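Listed below are the residues making up each chain.
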Amino acid sequence: MSQINRRRAFTSLGMIGGATLFAGCKEAGLGVATAQSPAVPLWNYVKLNSGEVADRTYRMYPEGGCMYSVVGGVLGALADKVGEPFRSFPIEMMRYGDGGVGGCGSLCGVINGGSALIGMFHNEKPKEQREAMIAELVVWYETTPLPHYKPAKPEWANDAIPSISGSILCHLSTGKWCEASGCEAFSMEKKERCRRLAADGASKLVELLNHDFDGVPILGELTPKVQSCIDCHGKQEMGNAMVKMNCASCHSFEGEHP
Ligand code: HEC
Ligand code: HEC
């Protein structure tokens, strides 16, 4: 395991020459090394129950917030099912994602944690599958009225009215909800909303991972509106905007687009 990790670390540091560092060792790639040591536990996904994971995420939220509970909900369920290596994953590190990364209001921890898990199970060099899965999660988050999850025993507020975030940025997503609910950003009602949203996110992620496990194609299509902007501003054409987030959350044109 440690050898694999070291080799992975070298690759991720961009040290392609890592192969020469290990000159003399026959195993050239991960697959070979793994085949030689079948006892090594692997970070492989097995199918989970999305409802159970949602409940678990809701329960865990008070210990560390959105990103922590999304990652902890999924990996905890995997640890129960298959044990190591999931049991040893340091989920505490994921507390940093709370409040859009340390309270900065940037990327929502539900997307950050969900994407980290997608990255765990799809860490391959071609990035298409990983990006498609992340896009699927992002579009769902931006366009779905959330939270949808209803806890058996609400702890911080009885209700959390759903709103459409329009953005994966914590600041904007929370702002939209505050507008819709009339509650303050630091209220218990808002914390309850984010707690349920984390449960929704973990559940959505598990559905996505289950589909992926079953070989259902995941297209990761953007909304037609955003896609139309990217058709002109993206890589193929003008190339002046590397972004898939909902453009309208920041760019609104009075009348005609220039
Ligand atoms: C048919 C192609 C096309 C489409 C579709 C399109 N744009 Fe543009 N966009 C342009 C062109 C051309 C410019 C002007 C570039 C310039 O003047 O340098 C522009 C300019 C912009 C600018 C800069 C405006 C400024 O004040 O400098 C923004 C922001 C922008 N577009 C966002 C969007 C968004 C968001 C969408 C989708 C709702 C979109 N565009 C759709 C072609 C397009
Ligand atoms: C989170 C906010 C945000 C989102 C979402 C966003 N943008 Fe922007 N965009 C900005 C800001 C801020 C600027 C810089 C504006 C400036 O410099 O005046 C910018 C600049 C641009 C420019 C001008 C670039 C240039 O150098 O001329 C284009 C084109 C653009 N965005 C297109 C898009 C498109 C297309 C999308 C959606 C796919 C999008 N943006 C999503 C915030 C955003």
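These remarks concern the structure in this document. (Residues numbered from 1 in each chain as written. Chains lettered and ligands numbered in written order. Predicted model: local features only at pLDDT ≥ 70, side-chain atom pairs only at ≥ 80, totals over all residues. Heavy atoms only, no water.)

## Considering the overall build of the chain
Across its full length, the chain carries nine helices and zero strands. Classification of the 258 residues of the chain by burial places 41% in the buried group. Restricting to contacts in the chain with at least 6 residues of sequence separation, those with at least 24 account for 65%. Just so you have it, the chain exposes about 14,500 Å², and 58% of that area is on carbon and sulfur atoms. (Helix = DSSP H or I, 4+ residues; strand = E, 2+ residues; numbered from the N terminus. Buried < 20%, exposed > 50% of the residue type's maximum accessible area, 1.4 Å probe, protein only. Contact = heavy atoms within 4.5 Å. Areas by Shrake-Rupley, 256 points an atom, 1.4 Å probe, with all protein chains shown as cover.)

## Remarks on the site of ligand 1
The full set of residues close to ligand 1 is Ser228, Cys229, Cys232, His233, Met238, Cys247, His251, Phe253, His257 and Pro258. In the environment of ligand 1, a nitrogen atom lies 2.6 Å from a nitrogen or oxygen atom belonging to the side chain of His257. For the shell around ligand 1, a count of residues per class yields six nonpolar, four polar and no charged. (Near = heavy atom within 4 Å. Polar contact = N/O pair within 3.5 Å; in protein donor to acceptor, adjacent residues only side chain to side chain. Nonpolar A, V, L, I, M, F, W, Y, C, P; charged D, E, K, R; others polar.)

## Examining empty space enclosed by the protein
Applying the stated criterion across every chain yields a total of one cavity of 30 Å³ or more. In this structure, the largest cavity is lined by Tyr141, Thr144, Leu146, Ser163, Ser165, Arg193 and Leu197. For the lining of the largest cavity, the per-class residue count stands at three nonpolar, three polar and one charged. (1 Å grid on protein atoms, 1.4 Å probe; cavity = no way out; pocket = protein on both sides within 12 Å on 5 of 7 lines; lining within 4 Å. Points joined across faces, edges and corners; volume = space filled by probe spheres on them.)

## Structural notes on the coordination of the iron atom of ligand 2
There is one protein donor for the iron atom of ligand 2, namely His251 (NE2), at 2.0 Å. Along the chain, the position of His251 falls in the segment after α9 (224–233). (Donors = N, O, S within 2.8 Å, 3.2 Å for Na, K, Ca; no water.)

## Examining helix α7 (residues 170–181)
End to end, α7 covers 16 Å across 12 residues, agreeing with the expected 16 Å (1.5 Å per residue, within 8%). Within the span of α7, buried status applies to Cys170, Ser173, Thr174, Trp177 and Cys178. In a view along the axis of α7, the buried residues occupy a sector of 135°, so they form one face of it. Opposite the buried face of α7, at more than 90 degrees from it, the exposed residues are His171 and Glu179. The inward-facing, buried residues of α7 abut α6 (128–143) and α8 (188–213). Remark: Gly182 follows α7 within two positions and exhibits a positive phi of approximately 75°. (Expected span 1.5 Å × (residues − 1). Arc of directions from axis to C-beta.)

## Digging into the environment of Val82
Mapped onto the secondary structure, Val82 falls in helix α4 (residues 50–82). C-alpha of Val82 to C-alpha of Tyr45: the two residues are 37 residues apart in sequence and 9.5 Å apart in space.

## A closer look at unusual backbone geometry
Across the junction of Glu84 and Pro85, the peptide omega takes the value 5°, indicating a cis bond. Mapped onto the fold, Pro85 is located in the loop between α4 and α5 (109–121). You will see that Val101, though not glycine, has its phi angle at about 70°, which is positive. Structurally, Val101 can be placed in the loop between α4 and α5. Val101 sits in the partly exposed class, given a relative accessible area of 28%.

## Concerning the coordination of the iron atom of ligand 1
Think of it this way: four donors in a tetrahedron around the metal ideally sit 109.5 degrees apart, and six in an octahedron ideally sit 90 or 180 degrees apart. Those donors, His233 (NE2) and His257 (NE2), are the protein atoms that reach the iron atom of ligand 1, and they lie 1.9 to 2.0 Å from it. One can describe the donor arrangement at the iron atom of ligand 1 as octahedral, given that its six donor atoms subtend angles of 83 to 180° at the metal. You can see His233 sitting in helix α9 and its partner His257 sitting in the segment after α9, a full 24 residues away along the chain. (Tetrahedral: all angles 85-135°; square planar, octahedral: opposite > 155°, others 65-115°.)

## Brief notes about the pattern of salt bridges
According to the stated counting rule, one finds five salt bridges in the structure shown. Asp214 is the salt-bridge partner of Lys47, the closest N and O atoms lying 2.8 Å from each other. Highlighted residues: Lys47 in the loop between α3 (30–36) and α4 and Asp214 in the loop between α8 and α9, separated in sequence by 167 residues. In this structure Lys47 comes out as partly exposed when scored by relative accessible area, which is 33%. Its salt-bridge partner being Arg195, residue Glu155 comes within 3.4 Å of it at the nearest N-O pair. Linking Glu155 in the loop between α6 and α7 with Arg195 in helix α8, this pair joins segments that are 40 residues apart in sequence. (Salt bridge = Lys/Arg side-chain N within 4 Å of Asp/Glu carboxyl O.)

## Describing the site of ligand 2
Neighbouring residues of ligand 2: 14 residues in total, closest His233, Met245, Cys247, Cys250 and His251. His251 is positioned such that a nitrogen or oxygen atom in its side chain is 2.8 Å from a nitrogen atom of ligand 2. Class assignment of the residues belonging to the shell around ligand 2 gives a composition of nine nonpolar, five polar and no charged.

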